Amino acid sequence: LSIREEAPDFKIAKFDLAFGFNERVAPNGELLGIQGQVEYSFDLFDESTVRSLASRFVRLLGQAVQAPQARLYDLEILSAEEKYLLLEELNATSQPVADATAAEIFEAQVTRTPEAVAVVQGSRSLTYAELNEQANQLAHYLVAKGIDAESLVGIALDRSPEMVTAILATWKAGAAYLPLDPEYPRARLEHMLADSSPAVVLTTANLQPQLPPNKTVEFIALDSAQIQTTLAQAPSHNPAQPVLPQHPAYVIYTSGSTGVPKGVVVTHAGIPSLAHSHAQRLAITPDSRVLQFASLNFDASFWELLMALSAGACLVLLEEERSGIPLQEVLQRQKVTHATLTPSVLATLDEHADSGPANLIVVGEKCPGDLLARWSPGRRIVNAYGPTEITVCATMSQPVSGAAPPPIGFPVINTRVYVLDHNLQLVPVGATGELYIAGAGLARGYLNRPGLSADRFVADPYAAMPGSRMYRTGDVVRWLNDGGLEFIGRADEQVKVRGFRIELGEIEAALRSLPEVVEAAVVVRDDRHGRQIVAYVVAKEQADIEAPVLRRKLSERLPAHMLPAVVVSLEQLPLTASGKVDRKTLSKRPLEERTAEQLAYPQTELEQSIAAIWKELLGRESVGVHQNFFDLGGHSLLLAQVHARLQKLLRAPLPMVKLFEHPTIAALAAHLDPDAHVAKQRASNARKTGSPEIAIIGM
């Protein structure tokens with residue numbers, strides 16, 4: 001093996017990296033072998049990288065000569081040292097932790113700090129002792145109803161101390177909790193209830209009518225007078241329920257590629273390791289104040305709850321869904337020290353605010369470098385990664401800064417990660433492969449889906465213990481030279497949008513089920529505000545495709561985070577040479593074809609004020625009074641900022657729902673000032689006379 005280093009001014013290499021070979025011949029003409037030569041660009045490669053590549057190639061050739069009958073993918077390109085690095089050094093995460101359940105971890109903290117504040121929401125607060133007592137009373141009530149290990153308890157509650165109490169009570173009774181969002185489409189809730197068969201559903205009198213009835217499920221309104229009386233008389237000591245680490249702690253439903261959501265069953269086994277990782281990586285102390293921001297339907301909510309209640313810290317509950325200025329005010333008023341946010345939410349906040357969390361954990365999406373550069377000065381920022389099929393988190397970065405997208409970091413305590421090719425072979429540092437995860441936090445599998453569980457949770461060929469499994473994530477990553485992992489993208493059509501994991505196939509299946517749609521394709525497009533879902537549809541013959549109508553119909557089947565922000569009607573979907581949908585071509589198409597009526601300029605002072613807010617937040621030079629906010633790339637987080645700014649402008653309360661009901665400037669202005677009919681009149685005149693107020697803007 002020989003590597004020749006050429007001086008930069010000796011010659012210009014024809015290629016960035018080139019292998020050359022020639023025969024070595026003795027003076028007597030005898031063939032001595034083959035000599036290899038590598039030329040490389042100093043700007044792109046260093047010597048150690050090139051030597052590694054050459055060594056692997058020689059190793060591959062040597063094995064091929066020794067075993068010419070072997071299959072190519074059975075040949076080993078890694079050295080023993082490289083395999084040791086990938087399997088042992090980079091996965092040196094083993095630490096002893098107690099075999100404790102989530103309830104036992106909380107109860108131990110109650111013993112240590114009974115008078116410390118555990119939960120706060122606005123002016124309400126509960127100490128650890130008070131929260132434990134209320135959870136115990138509800139737990140005893142559940143046990144009396146036959147709830148125990150392997151039972152499921154549905155929770156359909158608003159974000160509140162009662163929600164936290166219900167989760168803890170479920171664990172204390174030995175069961176697992178199942179989040180049921182009353183805002184989800186009725187059909188989705190019906191499927192979740194039928195598929196999971198929870199023993200009971202804990203809710204309130206005002207939320208229960210939003211839940212679909214189910215003859216096999218008992219719905220319990222916790223705020224009813226009868227239940228309140230019963231709970232007040234229940235014992236307040238810790239129940240002695242037999243619960244093991246392998247019993248389920250929660251079941252969370254995620255998007256399914258076949259159009260049917262699937263429930264992920266997560267056990268208690270990985271919870272102690274996650275709590276230790278919080279303490280070691282995120283500087284959590286009893287003085288910390290942890291924001292509870294994520295929806296209960298997103299496993300980051302469990303991450304937030306455990307982060308606070310396992311360390312004696314205070315869990316700060318939002319009073320309602322917020323982002324932008326309202327969220328900033330909560331962070332400052334409640335003196336939050338730790339917040340876990342998606343990059344899309346973080347982008348709605350002001351990094352120059354007088355105060356804010358000193359510790360930020362970004363999750364759910366790839367974090368842009370410019371966002372990190374804005375927020376990292378003076379703060380600890382950690383990038384965390386983990387699919388729902390792991391106990392929330394698989395890897396965490398060291399504190400990151402700078403203007404480059406941060407890595408997803410290193411495996412957390414008692415977790416192993418592998419970067420493998422399609423034959424489950426280890427790939428070298430720097431090469432891309434699919435990420436597989438193993439360890440204590442691995443989920444049991446998918447509820448009532450043994451076939452899908454077997455497909456995604458596969459045998460771990462690198463585990464010391466026989467029978468161990470690993471999860472195939474579908475995420476493409478690579479090891480960096482410093483030992484961290486870099487996220488590259490997806491190996492399938494699964495995406496993450498504002499922290500929610502979404503199967504695009506589920507949206508496509510919902511679109512195809514509509515009577516006016518014959519074919520559909522869905523892609524995700526990125527802009528400076530984050531990601532948005534774009535649907536391309538082909539209408540059935542003589543059917544009229546209207547984006548607002550399609551979105552309204554989809555809302556009956558899909559939750560809000562899965563609704564397309566933009567719907568584009570096409571005569572046919574573009575195809576590749578192999579006959580598949582050409583998604584790259586779709587991703588490059590212009591998103592809007594704007595009509596003269598849509599582009600009518602704002603006229604009244606109120607319309608102009610609304611337009612100014614839209615233009616700034618949407619990053620557009622112009623907007624028409626009849627253009628739909630969501631068709632322009634808006635989403636619920638941006639709408640929350642519009643809402644906050646309008647309330648300041650109007651100096652009056654404005655229900656958030658009104659912005660959803662009136663998604664155009666003209667409609668919203670007419671609602672806010674019903675005596676002004678300028679917008680309606682102008683649109684009518686435009687159709688009749690071609691008013692000069694209308695401007696056509698070329699794409």
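Here, the structure is the one placed above.
The model shown is predicted, which means the values in this text are computed figures rather than measured ones.

For the structure on display, the rule yields 16 salt bridges. Its salt-bridge partner being R71, residue D74 comes within 3.0 Å of it at the nearest N-O pair. D74 sits in the partly exposed class, given a relative accessible area of 44%. Put simply, R478 and E486 hold a salt bridge, and the shortest N to O gap is 2.6 Å.

Attention now goes to the packing of helix α4 (residues 128–144) against helix α7 (residues 225–232). Across the interface, α4 lies against α7 with an axial gap of 9 Å and an inter-helix angle of 105 degrees. As judged from the angle between their axes, α4 and α7 are roughly perpendicular. From α4, Q137, L138 and Y141 reach across to α7, where they touch I227, T230, L231 and A232. In the contact of α4 with α7, the residues fall into five nonpolar, two polar and no charged.

With that settled, consider unusual backbone geometry. Its identity is not glycine, yet S197 carries a phi of approximately 50 degrees, on the positive side. Residues other than glycine seldom take positive phi values, yet K335 does so here, at roughly 55 degrees. Within the secondary structure, K335 is located in the loop between α10 (324–333) and β13 (338–341).

Moving on, we come to the nonpolar core. Core analysis: the biggest nonpolar cluster contains 95 residues, and V164, W171 and W303 have the highest contact counts within it. Those residues in contact with W303 that lie beyond four places of it in its chain are L274, H278, L282, T340, I361, A384, V392, C393 and M396.

Let us now look at the pairing of strand β19 (residues 432–439). A large share of β19 lies buried, amounting to six of its eight residues. Of the pairings in the sheet, the one linking strand β18 (residues 415–420) to β19 comprises six bridges and is antiparallel in character. Among the inter-strand pairings, Y418 is bridged to a residue of β19, identified as Y436. Of the pairings in the sheet, the one linking β19 to strand β22 (residues 469–479) comprises five bridges and is antiparallel in character. Bridge pairing in β22 places G433 opposite V477.

This part takes up α4. Over its 17 residues, α4 extends 24 Å from the first C-alpha to the last, a length consistent with the 24 Å expected when each residue adds 1.5 Å. Of all the residues in α4, the buried ones are Y128, L131, N132, A135, N136, Q137, L138, A139, H140, Y141 and L142. One or two residues past the end of α4 sits G146, with phi positive at roughly 95 degrees.

Attention now goes to the packing of α4 against helix α5 (residues 161–172). Where α4 meets α5, the axes come as close as 8 Å, and the angle between the chain directions of the two elements is 55 degrees. Viewed along their axes, α4 and α5 adopt a mutual orientation that is oblique. Pair α4 / α5 crosses with right-handed handedness. Packed against α4, whose contacting residues are L131, N132, Q134, A135, N136, L138, A139 and L142, the element α5 presents V164, T165, A166, L168, A169, T170 and K172 at the interface. Partitioning the contact of α4 with α5 into residue classes produces nine nonpolar, five polar and one charged.

Within helix α6 (residues 186–196) the residues assigned to the buried category are R188, L189, M192, L193, D195 and S196. Close packing links the buried residues of α6 with β5 (152–155), β6 (176–179), β7 (200–203), β8 (218–221), β9 (248–254) and α14 (504–512). Directly beyond the C-terminal end of α6, a positive phi value near 50 degrees is found at S197.

Let us now look at the packing of aromatic side chains. By the definition in use, this model includes twelve aromatic pairs. Where F21 meets F57, the ring centres are 5.7 Å apart and the plane angle is 40 degrees; that geometry is what we call tilted. Taken together, the positions of F21 in strand β1 (residues 17–25) and F57 in helix α1 (residues 47–66) put the pair 36 residues apart, joining distant regions of the chain. The exposure class of F21 is partly exposed, given its relative accessible area of 46%. Where F106 meets Y128, the ring centres are 6.0 Å apart and the plane angle is 25 degrees; that geometry is what we call stacked. Linking F106 in helix α3 (residues 102–112) with Y128 in helix α4, this pair joins segments that are 22 residues apart in sequence. The residues F106 and Y128 share a single accessibility class, namely buried. A network of ring pairs unites the aromatic residues W171, Y177, Y250 and F302 as a single cluster.

Rules behind the numbers
Residues numbered from 1 in each chain as written. Predicted model: local features only at pLDDT ≥ 70, side-chain atom pairs only at ≥ 80, totals over all residues. Heavy atoms only, no water. Salt bridge = Lys/Arg side-chain N within 4 Å of Asp/Glu carboxyl O. Buried < 20%, exposed > 50% of the residue type's maximum accessible area, 1.4 Å probe, protein only. Axes fitted to C-alpha atoms, helices over the stretch in contact; angles between N-to-C directions. Helix = DSSP H or I, 4+ residues; strand = E, 2+ residues; numbered from the N terminus. Parallel < 35°, antiparallel > 145°, perpendicular 65-115°, else oblique. Contact = heavy atoms within 4.5 Å. Nonpolar A, V, L, I, M, F, W, Y, C, P; charged D, E, K, R; others polar. Core = buried A, V, L, I, M, F, W, Y, C linked by side-chain atoms within 4.5 Å. Pairing = 2+ DSSP bridges. Expected span 1.5 Å × (residues − 1). Left-handed = near helix turned anticlockwise from the far one by under 90°. Phe/Tyr/Trp six-rings, centres within 6.5 Å; stacked < 30°, edge-to-face > 60°.

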